[in-house]
Amino acid sequence: MTVEFPFPTGSQFVAGEWVPPASGETFPTTDPATGETLAPLARGGAEDVDRAVSAARAALSGKEWGGLSARARGRLLWRLADLLEGDQAERLSRTETLDNGKPIFESRYVDLPSAASVFRYYAGLADKLEGETVPVEGPFFAYTRHEPLGVVGAIVPWNFPLIMAAWKVAPALACGNAVVLKPAETTSLTALLLAAAAAEAGLPKGALNVVTGFGAEAGAALVAHAGVDKLSFTGSTSVGQEILRRSADTLKPVTLELGGKSANIVLADADVESAVRGAFNGIFYGKGEVCAAGSRLFLHRSLHDAFVEKLVDRARKLRPADPLDPKTRLGAIHNADQLEKIEHYVKLGRDQGAQLVAGGRRADVGGRGLFYEATVFDGVDDAMAIAREEIFGPVLSILTFDDVDEAVARANASRYGLAAGVWTRDFPTAYRASAALQAGTVWVNTYNFYDPSAPFGGFKMSGFGRELGQKALHHYTQTKTVWMGLK
């Protein structure tokens, strides 16, 4: 094992204690760069979820958490952020890289600081959930108050395990809820480390619980549990649809942040050097295992040739390498199924007539691990599978257009609507295109930037609800109206 953990491996965090799963079974989590086992994980199921929900419910009714003031909750979240950036930083960063395969550069300098900043942001908002007085007719004093929903079930994916956990746990706790977190079965270690840090920060028992296990077992039990008052899920569209169907039995409110096939549009007047860098980072950052990845690059015909030459040159120089090397910028594909999916779509792209201009093969890094080259297709048609379906890997499709209205219409001709990009020097054009694009986030002359204060979420089949910003607080509270008779 290459990381030491401050908890017994093969256990879950429930009611402030490290406990084995009810089944007594474990399963391995492995390093995708080497294939080596990192640690055994508890194989949680319905009994474990029930125990965690009971612990969360007890925390809500207890004085230590349920009776805590909003400002005190904020101080706890701030203390947790201090621990994430302090004593726990290197262990968290290294574990995230080992578990996911992403470069240590990303884990250390992007993921960890981003997660901490989310906890700080919601620490500051915890005591700012203000109600309103309502000028109703008659001799009454009416006002509203925002109350926690109760037990929040949070299910996070494997591509950004720590960041996605922060996006859900921080606002839920800030609002006074208790959380049962179910991390992806292949990247559960940083969720457990987060729980350990939360306990060290002084978070009361039961306020945050972590149940590890498979989606069909632990995840399904969390969705179906009548004691869960709210679900927040990030992952594939197909799984999101199933969660929404199952949640109807208990009428849980659900937030879904799902897949994407985002369009990155480069207009004729764009700063080419900046746009090349933006298109490159938009698809190859995070190995392309990013919901909002700019996987469809729309280039104006007038700059196509020069742009593609510069972009392809960059892609060919981006070599997969050891994720623990600080110089690495393209790490290991997270799992074997994902690697096979990438290969499947690359073959489809070639078979359907797209021109492979960079990459397109597995990469050899020390004779082991799951690595794939930065891949670029040119001459892509909108009807091709690589232009329509989410690949979730380092594969870029280049499409050509003649005017901005055409580009926007083609960008919108997708079932997804998570994000989009526009590159232009003309402000009115940027404004109109941003308004016309059917996407929850539009980046202009940049791509793939996030901030705790900026809401993020999708249109259409990319889901609904918003993570981050003050908008997220609405998903973790319910509004109560109080009428007080004055006679």
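Our subject is the structure listed above.
As the structure is a computational prediction, the values presented were derived from the model and not from experiment.

Caption draft 1: Structural detail: the pattern of salt bridges. Counted under the stated rule, the structure contains 29 salt bridges. For arginine 108, the salt bridge is made with glutamate 90, and the minimal N-O distance between the two is 2.8 Å. Taken together, the residues span a long stretch of sequence, with arginine 108 in helix α4 (residues 104-125) and glutamate 90 in helix α3 (residues 89-100) at a distance of 18 residues. On the accessibility criterion, arginine 108 (26% relative accessible area) is partly exposed. With a relative accessible area of 41%, glutamate 90 lands in the partly exposed category. In this structure, the salt-bridge partner of aspartate 351 is lysine 347, at a minimum N-O distance of 2.8 Å. Residue aspartate 351 and its partner lysine 347 are both found in helix α11 (residues 336-351); the two are separated by 4 residues, about one turn of the helix. In terms of burial, aspartate 351 and lysine 347 fall into one category: exposed. Through salt bridges with shared partners, a single ionic network connects Glu25, Arg43 and Glu217.

Caption draft 2: Focus on the sheet that holds strand β5 (residues 133-134). Judged by pairing direction, the sheet is antiparallel, and its 3 strands sit side by side in the order β5-β6-β22 without closing on themselves. Each having just a single partner strand, β5 and β22 (477-485) make up the two edges of the open sheet. As paired strands, β5 and strand β6 (residues 140-148) are joined by 2 bridges and run antiparallel to one another. The residue of β6 that forms the bridge with valine 134 is alanine 142.

Criteria and thresholds
Residues numbered from 1 in each chain as written. Predicted model: local features only at pLDDT ≥ 70, side-chain atom pairs only at ≥ 80, totals over all residues. Heavy atoms only, no water. Salt bridge = Lys/Arg side-chain N within 4 Å of Asp/Glu carboxyl O. Helix = DSSP H or I, 4+ residues; strand = E, 2+ residues; numbered from the N terminus. Buried < 20%, exposed > 50% of the residue type's maximum accessible area, 1.4 Å probe, protein only. Pairing = 2+ DSSP bridges.

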